[in-house]
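Residue-level listing of the chains:
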Amino acid sequence: MAERLESAGLTFRQDYFGDPAGWAALVCLLKDIFGIDIGPLQQLGGPDPTSMPFGWFDAEGELAANISAFALPFVLNGRIVHAAGLQSGAVRPPWRGRGLYRDVTVKALDWCEKQGFEAVILYTDKPSLYEPYGFHAIPVHRYEGAAPAPSSSAAPARPLLPTNADDLALMQSLLKGRSPVSTSLAVTVNAAMFLINTRLDPDIRISFLEDKPAVIAWKIDEAGRFSLLDVVAAEMPPLAAILGGLEIAPASVKVLFRPDKLGWEGVPQSLESGTRLMMRGLGDAAPDFPAMLSPMAEF
């Protein structure tokens, strides 16, 4: 297959994020195909240092097809899984139907096996595309319920701006020493994804609870419904302390991970959306309790 693709005017490359032209080609590909701009990631600390991209480039240096693998250890049912993630999978329309995506996917999965990863996870809106490679969908659930009374003893939080150098340094420091938000399903490291997601979704608010210390990623809508997306801290603060620090008393709460460390119990709700979380490896393993990965870890 490689020979046939080379003869079609394409060149295969691997590990090109250190090349400014290679990185720019990926930024352009994702912007053209998905309308997503990951360019600001360079100002937020750069791509994940464990990233390994696989792609086919045309003679002008344009990226025709790409998929990237990276280390993504996560907690599943109380134990840390040595896992990889796949992201940034795309093929430009003129090059589709030529086996390019299968080629880079097989190369990425072979690399993951050689690195000794025991599982590989990804997000997709086309689960049938990955089932032939041994991936299966993991059911995901968020939690909803009444808000607890905000803690009156919590110190007021302050907003953080990733575009501010001091705020960015603070977030990067806490992301390095974070603990998983749940014992059921949670990433242990996700600095690059957390930071770029703060730029991709303008509705996400980032606040700092200095007395914890903890970084809170959250949303609140016009009806006063609070959504907790992620908590970056060495020790998880209770939900009541989070609400007290944010100085809000919401009408309701939605937590987008299992809240077993928050001192609050909500009702699990199946998250029906077009994007599915899929895993390869570990047999038919799935969370023992309803759970989901924080949206700040989506890739």
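Everything numeric here is computed off the predicted structure, so don't read it as measured data.

Caption draft 1: View of the environment of Thr198. Within the fold, Thr198 resides in helix α6 (residues 191-200). Sequence-distant contacts of Thr198, defined by excluding residues within four places in its chain, comprise Pro162, Ile206 and Met296.

Caption draft 2: Fine view of helix α7 (residues 239-246). The buried fraction of α7 is high, at 7 of 8 residues. Residues of α7 that are buried include every one of Leu239, Ala241, Ile242, Leu243, Gly244, Gly245 and Leu246, and no others. Immediately beyond the C-terminal end of α7, within one or two residues, lies Glu247, with a positive phi of roughly 60°.

Caption draft 3: View of the packing of aromatic side chains. A full pass over the atoms with the stated rule returns 9 aromatic pairs. A centroid spacing of 4.9 Å and a plane angle of 90° characterise the contact between Tyr16 and Phe57, whose relative ring orientation is edge-to-face. Of this pair, Tyr16 sits in the loop between β1 (11-14) and α2 (20-34) while Phe57 is found in strand β2 (residues 52-57), placing the two residues 41 residues apart along the sequence. For the pair Tyr16 and Phe57, one class covers both residues: buried. Between Tyr130 and Phe135, the aromatic rings sit 6.0 Å apart at their centres with planes inclined by 80°, giving edge-to-face as the arrangement. As far as burial versus exposure is concerned, Tyr130 and Phe135 are alike and both buried.

Caption draft 4: Just the pairing of strand β13 (residues 214-220), in detail. Counting buried residues along β13, 5 of its 7 residues qualify, which places the element largely inside the surrounding structure. Looking at chain direction, strand β12 (residues 205-209) and β13 are connected through 5 bridges and run antiparallel. What sits directly across from Leu209, in β13, is Ala214. Linking β12 back to β13 in an antiparallel pair, the connection comprises 4 residues. Relative to strand β14 (residues 225-232), β13 runs antiparallel, the two sharing 6 bridges. Following the sheet pairing, Ala217 is matched in β14 by Asp230.

Caption draft 5: The arrangement of empty space enclosed by the protein in detail. Following the criterion strictly, the structure yields 2 cavities of 30 Å³ or more and no others. Each pocket or cavity is described by its volume, and for the largest cavity that value is around 40 Å³. Together, Arg178, Val181, Ala186, Val187, Asp230, Ser294 and Ala297 line the largest cavity. Tallied by class, residues from the lining of the largest cavity come to 4 nonpolar, 1 polar and 2 charged. If you trace the second largest cavity, you find it lined by Phe74, Ile121, Ile138, Leu185, Leu277, Met279 and Leu293. The class makeup of the residues in the lining of the second largest cavity is 7 nonpolar, no polar and no charged.

Caption draft 6: Broad picture of the sheet that holds strand β6 (residues 83-91). Across the sheet, which stays open at both edges, the 7 strands sit in the order β1-β2-β3-β6-β7-β17-β8 with mixed pairing between neighbours. Each edge of the sheet is formed by a strand with only one pairing partner; in this case those strands are β1 and β8 (135-138). The average angle at which neighbouring strand axes cross in this sheet is 25°, direction not considered. As paired elements, β8 and strand β17 (residues 276-280) share 4 bridges and run antiparallel to each other. Considered in β17, the bridge of Ala137 is made with Met278. Where α2 meets the sheet, its contacts fall on β1, β2, β3 (63-71) and β6, and the angle it forms with β6 comes to roughly 70°.

What counts and how
Residues numbered from 1 in each chain as written. Predicted model: local features only at pLDDT ≥ 70, side-chain atom pairs only at ≥ 80, totals over all residues. Heavy atoms only, no water. Helix = DSSP H or I, 4+ residues; strand = E, 2+ residues; numbered from the N terminus. Contact = heavy atoms within 4.5 Å. Buried < 20%, exposed > 50% of the residue type's maximum accessible area, 1.4 Å probe, protein only. Phe/Tyr/Trp six-rings, centres within 6.5 Å; stacked < 30°, edge-to-face > 60°. Pairing = 2+ DSSP bridges. 1 Å grid on protein atoms, 1.4 Å probe; cavity = no way out; pocket = protein on both sides within 12 Å on 5 of 7 lines; lining within 4 Å. Points joined across faces, edges and corners; volume = space filled by probe spheres on them. Nonpolar A, V, L, I, M, F, W, Y, C, P; charged D, E, K, R; others polar. Axes fitted to C-alpha atoms, helices over the stretch in contact; angles between N-to-C directions.

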